[in-house]
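Single-letter residue listing:
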Amino acid sequence: MINTKKTAELVLKNGQLYSIDEARCKKEYQAMAICGGQILSLGLDEEMESWIGPDTKIIDLEGRTVLPGLADSHLHASMTTELIFDFDLRGVDFAPDKTRDDYIKEYQEKIRAYAENHKDSAIIRGAGWNPTLFVSDPMGQPMAADIDAVCPDIPMILRSFDHHYLWVNSKAMELAGINRDTPSPRNGVIERGPIGNPTGIFQETTATDLLLRNLPGADYSVEEYKAGIEYYQDKFGNSYGTTLIFDAYCSENARKAYQELEEEGRLNLRVRSSFYADPSLPASQFDEILADKDKYRTDGFAIQTVKFFIDGSGLTFCLNEPFEKDWLASIGMEEGYRGYSQWRQKELNEYFLKIDSAGLQIHLHCMTDGAVRMALDAFEYVAEFNDLKKNRHTITHLMLVDEGDIHRMARLGIIAAIQPMWAIADSMSEETGAAMLGAERIHRTYPFGSIKNAGCRITCGTDFPVTIPPSPFLGIQTGITRTITPPHPEYEHYKGVSLGAEQEKVGLNDMIEGYTISSAYQCFLEDVTGSLEIGKSADFVILDKRITETDPQAIGSLRAEKTFFKGREVYPLNESEER
């Protein structure tokens, strides 16, 4: 009789293969066999013997942990391009004794040094400055004049670290045709001086896009995006064991870059992304989106989601209760201000119903409780007509959420895409955040434990490059401990200080589920990847240690020794494969 049983290409033995399945049950195995990019078998070492042939590669794990390929449920991988082609403005950090002039001078030194070495550039782009340093300053954010003093002749655009602001010089506004007569776009902020002239700060997407669309060279080319995506994939994604990402909106050039990389066989992870709902555009934009809903539907790169910003950042939060009155008074604003939504409730009801009825997912930026409430009110409306749960709608960030709305999220089946690394005590929470929102509110931010206990499905991401590095291991540690981690520049000052109540901490299984099977579920890929199961894609990461024997405060120091995607080793790259 001829033996037609497959022979494994790769067998892993003597390890801790740790996985959470779709039923949210933990599974552990000692060994695994791989062939043809799929998992053939899982079990004990001796159960793999029958799969081993003369050409089978065998890896002795020596007790180390293997996890399913990790996922990032909300990031901006295509914007890694800014780390290559923009100059870096990070590193200007908060200090209690620093003044506004100190921060401006530090930024000017960086700007001057770069501009002097790039005098022939048609445009200069920078990224990473911190608007939080100025949010409590009565004079507001920095101005074009601050850049003009050191770079007046070359258009310069500087993206903030959180991508909610652009800081530009006068030359950039001149070339973009933006002046005193330019109307402010709906729900976008063009900061202006006493007689209406733009000061050089553009806040929120409708305002930043107004400048970017009209300034030649502001966006990156397809080739630049390809370089940035590969840089993310090689230096961040695969090196942290990541094999699935949700790139939460990318430009048309970035979409083309992803498509070309997949066609060229250069994507070593699966990518899901979204269309963007623009509050400054008419309702006909959704007809255009629906016309393109099947345009991007391959294994490597797909778009089946529409992203909305319900609120913004800082003064463009949408709160149920006002900002702290003393803080408002300190920046010259009237008592009672609570921010605003980017959309009207009637619009959200109408557009959500249209999108859901077309079978597309909705992905929502909601930082604060007022934004979450409006989103849930719209989902309640849709639920009167449709089976709301089938399209796996998602709310991300969730800094501040009313307790009743947490339970509504669970009842409606809304996925919570959280950023665990944000749930820490640092100057942003303890100084700026406490001043803006008060100590009581700031210490109930990022209520991950309450969200999980209510029955919501949690997925985990980094919002990279807002947060650097995009380490799932730092995220797991922070989700469990809610304390600052050593890479943070304020670690020595805040180490050991936990943010908020003990009940908001979650467990190791919860975090691994969030970085694996639940994120795959959010991306409609739970039958393909996200867990170690026979027949699934052989996407997995070998850690340098055993995760269950690692102190929770040291999980962030774990490393990916090897990452496999579809059964192929993609990290570390061989010398011949390095780009």
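It should be noted that the structure appears before, not after, this text.
Residues numbered from 1 in each chain as written. Predicted model: local features only at pLDDT ≥ 70, side-chain atom pairs only at ≥ 80, totals over all residues. Heavy atoms only, no water.

### Observations regarding the overall build of the protein
Phase 1: A tally of regular secondary structure across the protein gives 19 helices and 24 strands.
Phase 2: Here the protein has a C-alpha radius of gyration of 24 Å; the compact-globule value for 579 residues is 25 Å, and the two agree.
Phase 3: The principal-axis extents of the C-alpha atoms in the protein amount to approximately 90 × 55 × 50 Å.
Phase 4: In the protein, buried positions account for 61% of the 579 residues.
Phase 5: Summarising the internal contacts of the protein: among those between residues at least 6 apart in sequence, 75% fall at separations of at least 24.
Phase 6: On the protein, roughly 22,600 Å² of surface is accessible, and the fraction owed to carbon and sulfur atoms is 48%.
Phase 7: Across the protein, the mean location of the 59 positive side-chain charges is 3 Å away from that of the 90 negative side-chain charges. (Helix = DSSP H or I, 4+ residues; strand = E, 2+ residues; numbered from the N terminus. Rg over C-alpha atoms; globule rule 2.2 N^0.38 Å. Buried < 20%, exposed > 50% of the residue type's maximum accessible area, 1.4 Å probe, protein only. Contact = heavy atoms within 4.5 Å. Areas by Shrake-Rupley, 256 points an atom, 1.4 Å probe, with all protein chains shown as cover. Lys, Arg positive; Asp, Glu negative; His and termini not counted. Charge placed at Lys NZ, Arg CZ, Asp CG, Glu CD.)

### Some words on the nonpolar core
Phase 1: Ranked by size, the top nonpolar core spans 103 residues in total, and within it Tyr258, Phe286, Phe308, Phe352, Leu364, Phe379 and Ile395 carry the most contacts.
Phase 2: Of all the elements, helix α11 (residues 369-383) adds the most residues to this core, at eight residues.
Phase 3: Residues in contact with Ile395, not counting those within four places in the same chain, are Leu364, Cys366, Val372, Ala375, Leu376, Ile414, Ile415, Ala416 and Ala417.
Phase 4: Leu89, Ile104, Ile111 and Trp167 belong to the second largest nonpolar core, which has 21 residues in total. (Core = buried A, V, L, I, M, F, W, Y, C linked by side-chain atoms within 4.5 Å.)

### Details of the sheet that holds strand β4 (residues 31-35)
Phase 1: With respect to topology, four strands assemble into an open sheet ordered β5-β4-β1-β6, the strand pairing being mixed. The sheet terminates laterally at β5 (38-43) and β6 (57-60), the two strands that pair on one side only. Averaged over all pairs of adjacent strands, the angle between strand axes in this sheet comes to 15 degrees, irrespective of strand direction.
Phase 2: Here five bridges tie β4 to β5, and the two strands are oriented antiparallel to one another. Bridge pairing in β5 links Met32 to Leu42. (Pairing = 2+ DSSP bridges. Axes fitted to C-alpha atoms, helices over the stretch in contact; angles between N-to-C directions.)

### Considerations on the packing of aromatic side chains
Phase 1: This structure, assessed with the given rule, holds 28 aromatic pairs.
Phase 2: Taking the centre distance of 6.5 Å and the plane angle of 25 degrees together, the rings of Tyr232 and Phe236 count as stacked. Within this pair, Tyr232 and its partner Phe236 are both found in helix α6 (residues 222-237), separated by four residues, close to a single helical turn.
Phase 3: A ring pair is formed by Phe352 and Phe379, whose centres lie 5.0 Å apart and whose planes are at 35 degrees; its orientation type is tilted. (Phe/Tyr/Trp six-rings, centres within 6.5 Å; stacked < 30°, edge-to-face > 60°.)

### Comments concerning the packing of helix α8 (residues 284-291) against helix α10 (residues 345-357)
Phase 1: Viewed as axis vectors pointing N to C, α8 and α10 meet at an angle of 15 degrees, and their least axial separation amounts to 11 Å. The pairing of α8 with α10 is recorded here as roughly parallel in orientation. Judged by the twist between their axes, the crossing of α8 over α10 is right-handed. Every residue of α10 that contacts α8 at Phe286, Asp287 and Leu290 is listed here: Tyr351, Lys354 and Ile355. (Parallel < 35°, antiparallel > 145°, perpendicular 65-115°, else oblique. Left-handed = near helix turned anticlockwise from the far one by under 90°.)

### Describing the state of the cysteines
Phase 1: On inspection of all chains with the given rule, the structure shows zero disulfides.
Phase 2: In this structure Cys25 is not part of a disulfide, and its nearest cysteine sulfur, from Cys460, lies 18 Å away.
Phase 3: On the accessibility criterion, Cys25 (36% relative accessible area) is partly exposed.
Phase 4: With no disulfide of its own, Cys460 lies 13 Å from the sulfur of Cys523, the closest cysteine sulfur. (Disulfide = S-S within 2.5 Å.)

### Some details on the sheet that holds strand β24 (residues 568-571)
Phase 1: Strand order in the open sheet made by the six strands is β3-β2-β7-β22-β23-β24, with mixed pairing throughout. Since the sheet does not close on itself, it has two edges, and those belong to β3 (26-29) and β24, each with one partner. Looking at each pair of strands side by side, their axes are set apart by 25 degrees on average, direction ignored.
Phase 2: Here strand β2 (residues 16-20) runs beside β3; their pairing, made up of four bridges, is antiparallel. Following the sheet pairing, Ser19 is matched in β3 by Lys27.
Phase 3: Sitting on the sheet, helix α18 (residues 508-515) is in contact with β2, β3 and β7 (65-68), with an inclination near 75 degrees to β2.

### As for α10
Phase 1: Look at α10: 18 Å from first C-alpha to last across 13 residues, which is about the 18 Å you get at 1.5 Å a residue.
Phase 2: For α10, the full list of buried residues reads Glu347, Leu348, Asn349, Tyr351, Phe352, Leu353, Ile355 and Asp356.
Phase 3: Among the structural elements, α8, β17 (301-309), β18 (361-366) and α11 are those in contact with the buried residues of α10.
Phase 4: Gly359, located one to two residues past α10, shows a positive phi value of around 85 degrees. (Expected span 1.5 Å × (residues − 1).)

### A few points about helix α2 (residues 100-116)
Phase 1: Helix length check: α2 (17 residues) gives 24 Å between terminal C-alpha atoms against 24 Å at 1.5 Å per residue, within 8%.
Phase 2: Taken as a whole, α2 has its buried residues at Arg100, Tyr103, Ile104, Tyr107, Gln108, Ile111 and Ala115. For α2, the angular spread of the buried residues around the axis is 130 degrees, confining them to a single face. In this structure, α2 carries Lys105 and Glu109 as exposed residues pointing more than 90 degrees from its buried face.
Phase 3: Buried residues along α2 sit in contact with β9 (87-88), β10 (124-129), α3 (144-148), β11 (156-160) and β12 (165-168). (Arc of directions from axis to C-beta.)

### Here we look at the pattern of salt bridges
Between side chains of opposite charge, a pair can form as their charged atoms come close.
Phase 1: Per the stated rule, a full pass over the model turns up 45 salt bridges.
Phase 2: Across the pair Lys57 and Glu569 runs a salt bridge, and its minimum N-O distance is 3.9 Å. One end of the pair, Lys57, is in strand β6; the other, Glu569, is in strand β24, with 512 residues separating them in the sequence.
Phase 3: Across the pair Glu223 and Lys226 runs a salt bridge, and its minimum N-O distance is 3.6 Å. Here Glu223 and its partner Lys226 are both found in helix α6, three residues apart, which amounts to about one turn of the helix. (Salt bridge = Lys/Arg side-chain N within 4 Å of Asp/Glu carboxyl O.)

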